[in-house]
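One-letter residues, chain by chain:
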Amino acid sequence: MAKVKYALLDTDFISKTHLIRKDDQNRMIDRIMEMQGYRFYCHEQIKTELERHNIGNSSEWLKAKNSDGTVHCVFDEEIMDELHAIYSDSAQAVYAGMLRNGCEAYKNGYFEENFTRLQALDYSALSKETFLQELKADCDKIGEGKNLGELKSYVLFQMLSTKLGEQIYVFCSDDKNARNGIVSLGGARCISVLSAFMRLNKEGILSRKDAEPYIQTYLDECRKHNQMTFRVHDMSKQMQMCKVPCGQIIEEMYAGRLEVLQNGSLRYKQ
C-alpha cells in the first residue's frame with residue numbers, strides 16, 4: 001500500500017494555480033488535486049484571505065473542495081485539540097511556542113510586536129477557550145496584509161509534523177523568503193508554482209504535451225506582471241542565482257536539466 005503524503009496549500013499557490021488553466025473546467029490546481037496518495041490541508045485563515053481578495057473565484061473553489069473533503073481547512077481550535085491530545089495541559093504553551101517559531105521564521109521580533117495579549121498570559125492557569133479568545137483578539141488587531149495566513153500555516157505545519165512524524169509537502173508562495181521560512185522549521189519540502197509543473201510531470205498527471213495550455217497561461221500571467229525571467233541556482237558550489245528567460249526554463253525543466261531543492265527553488269544539475 002502506497003504511503004500517504006501530507007501537503008499544505010497556501011494562499012499564493014491556490015490563487016495562482018487557479019488562474020493557470022486549460023479552460024474554466026481545467027485549472028492547474030485541479031491537476032494538483034489529482035495527485036495520488038496526498039492528503040491536502042490548509043489553515044482556515046487561507047480561506048479568509050482568499051475570500052478577501054477572491055482572485056478568479058479561487059475562494060469558491062476552496063469552499064467546494066473543503067465541503068467535499070478534498071482539502072481539510074483546519075481551525076485554530078482543531079490545532080489546539082490535537083496539541084492537547086499530545087501535550088495535555090501544556091497545549092496552550094506549545095501553540096504559543098509554535099506561533100513564536102513561525103513568527104521568527106518570518107521576521108525577527110514579529111511575535112513580540114504583534115502578539116501582546118498572548119505574551120501576557122499565564123498558560124498554566126488558562127482554559128483553551130480563553131487562550132483562543134486572546135489569540136483571536138491579537139489576530140484581529142494585526143489585520144490585513146501582515147501575512148497572517150502564512151504564520152498560521154507555519155503553526156499548522158508544526159502540529160502536523162509533531163502528530164504525524166512525517167515529511168510535509170508545502171505547496172507555497174513563489175516568494176523565496178517565505179519558502180525558506182517554512183524550511184527553517186524543519187521537515188518541509190516546498191513545491192512552488194514553477195516546480196509544480198515538474199511534480200505533475202513526474203506523477204504522470206501532465207505530460208509536456210498536455211501541460212502546454214497551462215504553461216502558456218502561466219507565461220501569460222508572468223508577462224502581465226512584467227516577469228520575463230526566473231531566478232535559478234547555477235551549477236557552482238556557491239549555488240549562485242542567475243536570471244534565465246521564462247520560456248527557456250520551462251524547456252530545460254522538461255529536458256531534465258534542472259532539479260528541485262528542498263525550498264522549492266530550481267538548480268541546474270551537475
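Located above this text is the structure these notes cover.
The structure contained in this document is the topic of the report that follows. It should be emphasised that the depicted structure is a prediction, and the values quoted were computed from it without experimental measurement. (Residues numbered from 1 in each chain as written. Predicted model: local features only at pLDDT ≥ 70, side-chain atom pairs only at ≥ 80, totals over all residues. Heavy atoms only, no water.)

Description of the side chain of Thr-217
As for its placement among the helices and strands, Thr-217 is situated in helix α13 (residues 208-224). Classification of Thr-217 by relative accessible area gives buried; the value is 17%. Separated by 2.9 Å, the side chain of Thr-217 and the backbone oxygen of Pro-213 make a polar contact. In this structure, Thr-217 is in contact with Leu-19, Ile-20 and Arg-21, ignoring residues within four places of it in sequence. (Helix = DSSP H or I, 4+ residues; strand = E, 2+ residues; numbered from the N terminus. Buried < 20%, exposed > 50% of the residue type's maximum accessible area, 1.4 Å probe, protein only. Polar contact = N/O pair within 3.5 Å; in protein donor to acceptor, adjacent residues only side chain to side chain. Contact = heavy atoms within 4.5 Å.)

Considering helix α12 (residues 193-202)
Most of α12 sits out of view: eight of its ten residues are buried. When we look at burial in α12, the residues that qualify are Val-193, Leu-194, Ser-195, Ala-196, Phe-197, Met-198, Arg-199 and Leu-200. Positioned one or two residues after α12, Gly-204 has a phi angle of 75 degrees, which is positive.

Describing helix α6 (residues 91-106)
Compared with the 22 Å implied by 1.5 Å per residue over 16 residues, the 23 Å span of α6 between its first and last C-alpha is a close match. Residues of α6 that are buried: Ala-91, Gln-92, Val-94, Tyr-95, Ala-96, Met-98, Leu-99, Gly-102 and Cys-103. Elements that come into contact with the buried residues of α6 comprise α5 (76-87), α7 (110-114), α8 (116-119), α9 (128-142) and α10 (148-164). (Expected span 1.5 Å × (residues − 1).)

Regarding the packing of aromatic side chains
The tally for this structure, following the rule as stated, stands at eleven aromatic pairs. Between Tyr-106 and Tyr-110 the ring centres are 5.3 Å apart and the planes differ by 80 degrees, which places this aromatic pair in the edge-to-face class. We classify Tyr-110 as buried; its relative accessible area is 4%. Through a chain of ring-to-ring contacts, three or more aromatic side chains come together here, namely Phe-13, Tyr-38, Phe-40, Tyr-169 and Phe-171. (Phe/Tyr/Trp six-rings, centres within 6.5 Å; stacked < 30°, edge-to-face > 60°.)

Quick notes on the packing of α5 against α9
Where α5 contacts α9, the two axes come as close as 11 Å, and the packing angle between them is 140 degrees. In terms of orientation, α5 and α9 fall into the oblique class. At the point where α5 passes α9, the crossing takes the right-handed sense. Seen from α5, the contacting residues are Asp-76, Glu-77, Met-80 and Asp-81; seen from α9, they are Lys-128, Phe-131, Leu-132 and Leu-135. (Axes fitted to C-alpha atoms, helices over the stretch in contact; angles between N-to-C directions. Parallel < 35°, antiparallel > 145°, perpendicular 65-115°, else oblique. Left-handed = near helix turned anticlockwise from the far one by under 90°.)

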